[in-house]
Amino acid sequence: MKHAPFIAVEGPIGAGKTTLASMLAEELNLPIIKEIVDENPFLAKFYQNMDDWSFQLEMFFLCNRYKQLEDTVTQYIDKGKPVISDYHIYKNLIFGERTLKGTKREKYREIYHVLTDDLPKPNIILYIKADLYTLLKRIAKRGRPFEGDMDTAYLQQLIEDYDDAMASLAIQEPSTVIITIDGNAVDFVENPEHFVEIASHLKELMK
Ligand SMILES: Nc1ncnc2c1ncn2[C@@H]1O[C@H](COP(=O)(O)OP(=O)(O)O)[C@@H](O)[C@H]1O
Ligand SMILES: Nc1nc2c(ncn2[C@H]2C[C@H](O)[C@@H](COP(=O)(O)O)O2)c(=O)[nH]1
């Protein structure tokens with residue numbers, strides 16, 4: 001691989017991103033960058049009223065991820081050190097395009113591009129695909145109170161948005177390696193062989 005591996009684990013809500021990224025970080029001895037969820041002051045409000053809170057929430061996620069990406073670049077990428085993250089900053093566009101409307105969506109899109117276009121992005125994406133049934137099961141297992149009443153239509157829409165986004169990324173950034181994992185059938189938590197297979201694939205790519 002020409003550049004230091006910058007690995008992102010992606011997929012819709014509850015797919016298993018944090019779980020897989022943490023397992024891989026440990027197995028491959030990689031530093032991990034994790035999504036900030038618990039300190040997010042807008043997330044619970046957003047799930048109560050999406051139209052009222054979407055702009056604040058998307059901006060909060062964008063600013064946090066921008067800071068984390070800046071730090072990731074200086075601490076790891078610029079020094080040629082590999083790193084893994086449980087998200088790709090592109091997810092800001094996936095969510096923003098879905099939750100925002102009208103001029104707010106346009107403004108947000110512009111801000112996203114101004115902030116991120118000149119920054120390095122992950123060159124390996126592990127995309128965990130999973131159906132609605134699997135995601136709902138895992139969201140319930142995680143048990144965050146504010147995700148309890150998640151609108152299934154919203155989640156289903158995000159599943160489709162993720163598929164479209166990964167297809168777009170594959171065209172926009174042909175050098176990015178996208179590995180799709182069938183999150184319904186491949187169970188890296190319960191089945192050690194499944195995890196070994198994913199980790200071995202990644203080790204090969206990182207050579
Ligand atoms: N492959 C899996 N099999 C069973 N449970 C899983 C699996 N992946 C994740 N989980 C569980 O599902 C919940 C959501 O996983 P998490 O990693 O937080 O998802 P994400 O980061 O994609 O939102 C957690 O409770 C986690 O332990
Ligand atoms: N509207 C948005 N919601 C987001 C975004 N990133 C994450 N989230 C939500 C989804 C979950 O409830 C929670 C944690 O995300 P996981 O995918 O790690 O489960 O935060 C976003 O950019 N916009």
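Residues numbered from 1 in each chain as written. Chains lettered and ligands numbered in written order. Predicted model: local features only at pLDDT ≥ 70, side-chain atom pairs only at ≥ 80, totals over all residues. Heavy atoms only, no water.

On to the site of ligand 1. The environment of ligand 1 is made up of 13 residues, and the closest members are Gly16, Lys17, Thr19, Lys141 and Arg142. In the model, an oxygen atom of ligand 1 is placed 2.5 Å from a nitrogen or oxygen of the Thr19 side chain. If you list the elements that add at least two residues to the shell around ligand 1, you get α1 (17-28) and α6 (132-142). Partitioned by chemical class, the residues of the shell around ligand 1 number 4 nonpolar, 4 polar and 5 charged. (Near = heavy atom within 4 Å. Polar contact = N/O pair within 3.5 Å; in protein donor to acceptor, adjacent residues only side chain to side chain. Helix = DSSP H or I, 4+ residues; strand = E, 2+ residues; numbered from the N terminus. Nonpolar A, V, L, I, M, F, W, Y, C, P; charged D, E, K, R; others polar.)

All told, the structure shown has 7 aromatic pairs when counted by the stated rule. A ring pair is formed by Phe46 and Tyr47, whose centres lie 5.3 Å apart and whose planes are at 70°; its orientation type is edge-to-face. You can call Phe46 buried: its relative accessible area is 1%. Here the aromatic rings of Tyr127 and Tyr162 are separated by 6.5 Å at their centres, their planes lie at 15°, and the arrangement is stacked. Pair noted here: Tyr127 is in strand β4 (residues 124-129) and Tyr162 is in helix α7 (residues 152-172), with a separation of 35 residues, a long-range link. (Phe/Tyr/Trp six-rings, centres within 6.5 Å; stacked < 30°, edge-to-face > 60°. Buried < 20%, exposed > 50% of the residue type's maximum accessible area, 1.4 Å probe, protein only.)

This part takes up the pattern of salt bridges. Applying the stated rule across the entire model yields 12 salt bridges. Across the pair Glu97 and Arg109 runs a salt bridge whose closest N-O atoms are separated by 2.6 Å. Taken as a pair, Glu97 in helix α4 (residues 91-99) and Arg109 in helix α5 (residues 102-116) lie far apart in primary sequence, 12 residues in all. A relative accessible area of 32% places Arg109 in the partly exposed class. Glu147 is the partner of Arg144 in a salt bridge, and the nearest nitrogen-oxygen pair spans 3.2 Å. Taking the relative accessible area as the measure of exposure, Glu147 reaches 5% and is therefore buried. What you see here is one network of salt bridges that share partners, running through Glu35, Arg65 and Lys91. (Salt bridge = Lys/Arg side-chain N within 4 Å of Asp/Glu carboxyl O.)

This next bit is on the UniProt feature "domain: Deoxynucleoside kinase" (unreviewed entry) in the chain. Mapped onto this numbering, the UniProt entry annotates "domain: Deoxynucleoside kinase" (unreviewed entry) at residues 7-206. For residues 7-206, the helix share is 58%, the strand share is 10%, and the end-to-end C-alpha distance is 10 Å. (UniProt positions renumbered as here; feature names shortened; annotations may be inferred.)

Next up on the list: the site of ligand 2. Neighbouring residues of ligand 2: 17 residues in total, closest Lys17, Tyr47, Glu58, Arg65 and Glu147. Interatomic distance of 2.7 Å between a side-chain N/O atom of Glu58 and a nitrogen atom of ligand 2. One of the side-chain N or O atoms of Glu147 is found 2.4 Å from an oxygen atom in ligand 2. Sorting the residues of the shell around ligand 2 by element identifies α2 (43-48), α3 (50-77) and α4 as the ones contributing at least two each. Broken down by element, the residue count for the shell around ligand 2 peaks at 4 residues, all from α3. Here the residues of the shell around ligand 2 are counted per class, giving 9 nonpolar, 1 polar and 7 charged.

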